[in-house]
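Here is how the chains run, residue by residue.
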Amino acid sequence: MDSVQNHVTALVNSADTLFILLGAIMVFAMHAGFAFLEVGTVRHKNQVNALVKIMSDFGVSALVYFFFGYWLAYGVTFFDSAAVLAENNGYELVKFFFLMTFAAAIPAIISGGVAERARFNPMIIAAALCVGIVYPFFEGLIWNGNYGFQSWLENSFGAGFHDFAGSIVVHAVGGWIAFAAIIILGSRNGRYRGGKVVAFAPSNIPLLALGAWILSVGWFGFNVMSAQAIEGISGLVAMNSLMAMVGGIISSLVVGKKDPGFIHNGPLAGLVAVCAGSDIMHPMGALVTGLVAGGLFVWLFTYVQNKFTSFDDVLGVWPLHGVCGLWGGIAAGIFGLESFGGLGGVSFISQLIGSIAGVLTALIGGFIVYKSVNHFMPIRLSQEDEFNGADVSIHKIGATNLNNN
C-alpha cells in the first residue's frame, strides 16, 4: 500500500508540475502578443524599439523577480541546493516561472502606454523597480495574505478580496503604473496642434491583429492555469473567459463603429475584466462583464485622447488594463454573488476596497518610481531623436531594409 501511495503522490506531483508549466508557457507566449500589438500600433519608425523593449523587459523582470520580487511577495528564495529545489518534481520552480510571467506583464503593459518617446535605459531601470518592489508588494498583499490585509477584510466584511487571475493584481496595477508614467512623460511631439488631436494611424493592422489573437489564445492559460494544480482546473473559468472575450468583441464592434484597432482590443478588455471573477461568475455574468469592458474601453480611450492634450496613451493601456481591470475587480463582487448566479463567497465591499487599494498602490508606486528615475536619468527622448524615431535613435536600425543590393 505504501508503494501504491508513493506512486499516486508522484503522479499527482508530476501532473501538477506539468499543468502549471503549460500555463507558464502559454503566458510566456502572450508576451509575443504584447510585442506585436505594440508593433502594429506604433509608427513604422518605432517598431524595432517595441520588439526590443518587450524582450528586454522580460529578461530584466525575470532576474529581478527571481532574486527579490518573489521573495518579497511569498517569502521564498532559491538559494537551496538543486536537490532541494527539484523536490516534488520541481513544482515550486515552475510555480515561480508561472508567476514570473505575470510579473513580467507589468512592464509589457507600461510599454504600450509610453511608446515612441521614451529613452531605453531609464525605462528598463523603472521596469526593474516596478517588478521588484511595487508589483510584488501588492501581489503578496492579495495572493499571500501579507500584512493582514486579507484577514482584516474577511473579519470586517465576511470575505477577503477575490482576484483569481489578476484583474487588479496584474492588469489594474500595470495600467495605473502606466498612467503615472504617461503623465510624467507627456504627449508625443506633434500629437496635438492647436488643441486638436492629430491622428497617428497604426503602422500595420495585420501585426496588431496578430498580437491581439496571440494574447486572446494565451489568456486561457493565464486564467485557467491560475488554479495552479490540476485538481483545481475548472471548465467554468474557460467558459467565463470565452463569454467575456465575446462580450468585449461585440461591444467594441458596436461602440467602435467597426474600427479595427478597437475591435481587436475589445476581446482583451473583456478578458482583463473577467480575470478576477472567472472562477465564480455565471457565464451570463461574465458576458455582461465583457460587454461593459469593451464599450468602456472604446469610449474612455476616445474621450481621453480627444479631451486631455497632455495625456498620450499610445495603445490605450490605461483604459484597457487600468480601468477595465478596476471594473473587473468590482464586477467579481457583483456577478460572483449567488443572487446574480455566481458561486458566492465574495463581498462587494471587500472587492471595492481591494480594487481601490490596488489602484492607490500602483499610482503611488508608479509616481515615486518614474519621478525618481526621471530625476537622475531623464526618461524622455530628445526632440530630434523622437522625430527620427526610436528605432534609428536607440537601436541604429530600421524595421525593414528596403535596399536589397
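Residues numbered from 1 in each chain as written. Predicted model: local features only at pLDDT ≥ 70, side-chain atom pairs only at ≥ 80, totals over all residues. Heavy atoms only, no water.

Moving on, we get to the side chain of E139. Topologically, E139 is positioned in helix α5 (residues 120-143). K95 provides the closest opposite charge to the buried, salt-bridge-free E139, at an N-O distance of 8.8 Å. A polar contact is formed between the side chain of E139 and the side chain of Y74, at a distance of 2.8 Å. Residues contacting E139, with those up to four places away along its chain left out, are Y65, A73, Y74, L99, N144 and V169. (Helix = DSSP H or I, 4+ residues; strand = E, 2+ residues; numbered from the N terminus. Buried < 20%, exposed > 50% of the residue type's maximum accessible area, 1.4 Å probe, protein only. Lys, Arg positive; Asp, Glu negative; His and termini not counted. Salt bridge = Lys/Arg side-chain N within 4 Å of Asp/Glu carboxyl O. Polar contact = N/O pair within 3.5 Å; in protein donor to acceptor, adjacent residues only side chain to side chain. Contact = heavy atoms within 4.5 Å.)

Moving on, we get to the packing of aromatic side chains. According to the stated counting rule, one finds 30 aromatic pairs in the structure shown. An angle of 35° between the planes, with centres 5.6 Å apart, marks the rings of F137 and Y147 as tilted. Here Y147 lies in the loop between α5 and α6 (149-157) and F137 lies in helix α5, a separation of 10 residues in the sequence. According to the relative accessible area criterion, Y147 is exposed, its value standing at 57%. Their ring planes at 70° and their centres at 6.0 Å tell us that Y303 and F308 sit as a pair that is edge-to-face. Three or more aromatic residues joined by ring pairs make a cluster, and in this case those are Y65, F66, F67, Y70, Y74, F78 and F96. (Phe/Tyr/Trp six-rings, centres within 6.5 Å; stacked < 30°, edge-to-face > 60°.)

For side chains bearing opposite charge, pairing can occur when the charged atoms are close. The tally for this structure, following the rule as stated, stands at six salt bridges. With a closest N to O distance of 2.9 Å, K53 and E38 form a salt bridge. With K53 in helix α2 (residues 47-74) and E38 in helix α1 (residues 2-41), this residue pair connects regions lying 15 residues apart in the sequence. Using a relative accessible area of 1% as the deciding quantity, one classes E38 as buried. Across the salt bridge formed by R191 and D312, the nearest N and O atoms sit 3.6 Å from each other. Pair noted here: R191 is in the loop between α7 (167-185) and β1 (192-193) and D312 is in the loop between α11 (283-307) and α12 (317-335), with a separation of 121 residues, a long-range link. Here the two residues R191 and D312 agree in accessibility, since each one is buried. A single network of salt bridges, built from pairs that share partners, joins R43, E116, R188, R191 and D312.

This paragraph deals with the environment of G235. With respect to the secondary-structure elements, G235 resides in helix α9 (residues 235-255). Judged by relative accessible area, G235 falls into the exposed class, the value being 58%. Put simply, G235 and A178 are 57 residues apart on the chain and 33 Å apart in space, counted from C-alpha to C-alpha.

Where helix α4 (residues 87-113) contacts α7, the two axes come as close as 8 Å, and the packing angle between them is 35°. Where α4 crosses over α7, the two elements pack in a sense that is right-handed. Within the contact between the two elements, α4 uses F102, A105, I106, I109, I110 and G113 and α7 uses V170, H171, V173, G174, G175, I177, A178, A181 and I182. (Axes fitted to C-alpha atoms, helices over the stretch in contact; angles between N-to-C directions. Left-handed = near helix turned anticlockwise from the far one by under 90°.)

Let's shift gears to the nonpolar core. In this structure, Y65 and Y370 are the most contacted members of the largest nonpolar core, which totals 106 residues. Top element by residues in this core is α4. It accounts for 14 residues. Apart from residues no more than four positions distant in its own chain, Y370 is found in contact with I110, M123, A126, C130, I177, A181, I184 and I379. (Core = buried A, V, L, I, M, F, W, Y, C linked by side-chain atoms within 4.5 Å.)

Looking now at the side chain of T41. Considering the arrangement of structural elements, one finds T41 in helix α1. A residue is classified by how much of its surface remains accessible, and T41, at 15% relative accessible area, is buried. When neighbours within four sequence positions are excluded, T41 is seen to be in contact with A201, P202, S203, L208, V314 and L315.

A few words on unusual backbone geometry. Its identity is not glycine, yet Q228 carries a phi of approximately 65°, on the positive side. Here Q228 lies in the loop between α8 (205-224) and α9. One non-glycine residue, K257, adopts positive backbone phi at about 55°. Taking relative accessible area as the criterion, K257 reaches 70% and is therefore assigned exposed.

For the rest of this paragraph, the subject is the packing of α12 against helix α13 (residues 348-376). Direction vectors running N to C along α12 and α13 enclose 170°, while the axes themselves pass 8 Å from each other. Judged on the interaxial angle alone, α13 and α12 are roughly antiparallel. Considering how the two elements wind past one another, α12 and α13 form a crossing that is right-handed. In contact with L326, G329, I330, A332, G333 and I334 of α12, α13 contributes F348, Q351, L352, S355 and V359. Of the residues that constitute the contact of α12 with α13, the class distribution is seven nonpolar, four polar and no charged. (Parallel < 35°, antiparallel > 145°, perpendicular 65-115°, else oblique. Nonpolar A, V, L, I, M, F, W, Y, C, P; charged D, E, K, R; others polar.)

Counted at 1.5 Å a residue, the expected span for α8 with its 20 residues is 28 Å, and the 29 Å between its end C-alpha atoms agrees. Taken as a whole, α8 carries its principal kink of about 30° at G218. Among the residues of α8, those classed as buried are L208, A209, G211, A212, L215, S216, G218, W219, G221, F222, N223 and V224. Here α8 starts with a cap whose side-chain oxygen sits 3.0 Å from the backbone nitrogen of L207, and that cap is N204. (Expected span 1.5 Å × (residues − 1). Bend = angle between axes of the 7 residues up to and from the residue.)

Counting through the fold element by element, K196 comes out in strand β2 (residues 196-197). When the C-alpha atoms of K196 and T309 are compared, they prove to be 7.9 Å apart, with 113 residues separating the residues in sequence.

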